[in-house]
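# Working through the structure, step by step
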Amino acid sequence: VDLAEIMVGDKASSPSKKKDLTRIVKAWIPVASGSVLKASEEALKVFETYEIPILSIHGDKDEMGKKVTEMLGSTANAKTVELSGGHPVYLDSPDEFVSEVL
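Below: a short report on this structure.

Moving on, we get to the nonpolar core. Counting residues in hydrophobic clusters, the biggest one holds 16 residues, and the most contacted among them are Trp-28, Val-36, Leu-44, Ile-54 and Leu-72. Counting only elements with at least two residues in this core, the list comes to helix 3 (41-49) and helix 4 (63-76). Considering each element in turn, this core owes the most residues, 4 residues, to helix 4. Val-81, Leu-83, Val-89 and Phe-97 belong to the second largest nonpolar core, which has 6 residues in total.

This is the structure:
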């Protein structure tokens, strides 16, 4: 999210800022990323504005992960996925996780 925070501000919509961010970030898959809850709505919307896809995956036993996924789905148009497992869902459901990512 720090990259998006950098892009927010008076010149956030300038073509050069978009080019800079999209050159660095092709897609974002936040995993067990509680820090997303601290991000501003404006910062998260940058990903949608710049057409950077987000895949947010959480385990069905991970309440914080669910909040992150819901926030990204509603704020940044992320694809949201709930798999069987806890906070480290990539360890609890590795095959399903890889399937979603690929």
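Right, let's talk about the side chain of Ser-93 for a bit. Its place among the elements puts Ser-93 in the loop between helix 5 (89-92) and helix 6 (94-101). Given the relative accessible area of 5%, Ser-93 is considered buried. Of note is the side chain of Ser-93, whose polar atom sits 2.4 Å from the backbone oxygen of Ser-84. Excluding residues within four positions of it along the chain, Ser-93 makes contact with Leu-83 and Ser-84.

Under the 1.5 Å per step criterion, the end-to-end length of helix 4 is 19 Å for 14 residues, consistent within 8% with the ideal 20 Å. Regarding helix 4, the residues found buried are Gly-65, Val-68, Thr-69, Met-71, Leu-72, Thr-75 and Ala-76. Mapping the buried residues of helix 4 onto a view down its axis gives an arc of 165°, with all of them on the same face. Among the exposed residues of helix 4, those pointing more than 90 degrees away from its buried face are Glu-63, Lys-67 and Ser-74.

Counting across every chain of the model gives 2 salt bridges. Across the salt bridge formed by Asp-60 and Lys-61, the nearest N and O atoms sit 3.6 Å from each other. Here Glu-100 and Lys-79 are joined by a salt bridge, their closest N and O atoms 3.3 Å apart. Taken as a pair, Glu-100 in helix 6 and Lys-79 in strand 2 (residues 79-83) lie far apart in primary sequence, 21 residues in all.

Here we come to the environment of Met-71. Residue position: Met-71 is located in helix 4. Along the primary structure Met-71 and Leu-44 are separated by 27 residues, whereas in three dimensions their C-alpha atoms are 9.2 Å apart. Setting aside anything within four residues of it in sequence, one finds Met-71 in contact with Val-36, Leu-37, Ala-39, Leu-44 and Ala-76.

With a phi close to 60°, Glu-51 is a non-glycine residue in the positive phi region. Along the chain, Glu-51 turns up in the loop between helix 3 and strand 1 (55-59). Residue classification places Glu-51 among the exposed residues on the basis of a relative accessible area of 68%. If you check the backbone angles, Asn-77 has positive phi at about 60° while not being a glycine.

The rules we used
- Residues numbered from 1 in each chain as written.
- Predicted model: local features only at pLDDT ≥ 70, side-chain atom pairs only at ≥ 80, totals over all residues.
- Heavy atoms only, no water.
- Core = buried A, V, L, I, M, F, W, Y, C linked by side-chain atoms within 4.5 Å.
- Buried < 20%, exposed > 50% of the residue type's maximum accessible area, 1.4 Å probe, protein only.
- Helix = DSSP H or I, 4+ residues; strand = E, 2+ residues; numbered from the N terminus.
- Polar contact = N/O pair within 3.5 Å; in protein donor to acceptor, adjacent residues only side chain to side chain.
- Contact = heavy atoms within 4.5 Å.
- Expected span 1.5 Å × (residues − 1).
- Arc of directions from axis to C-beta.
- Salt bridge = Lys/Arg side-chain N within 4 Å of Asp/Glu carboxyl O.

Without other data, these values stay purely geometric and don't point to any function.
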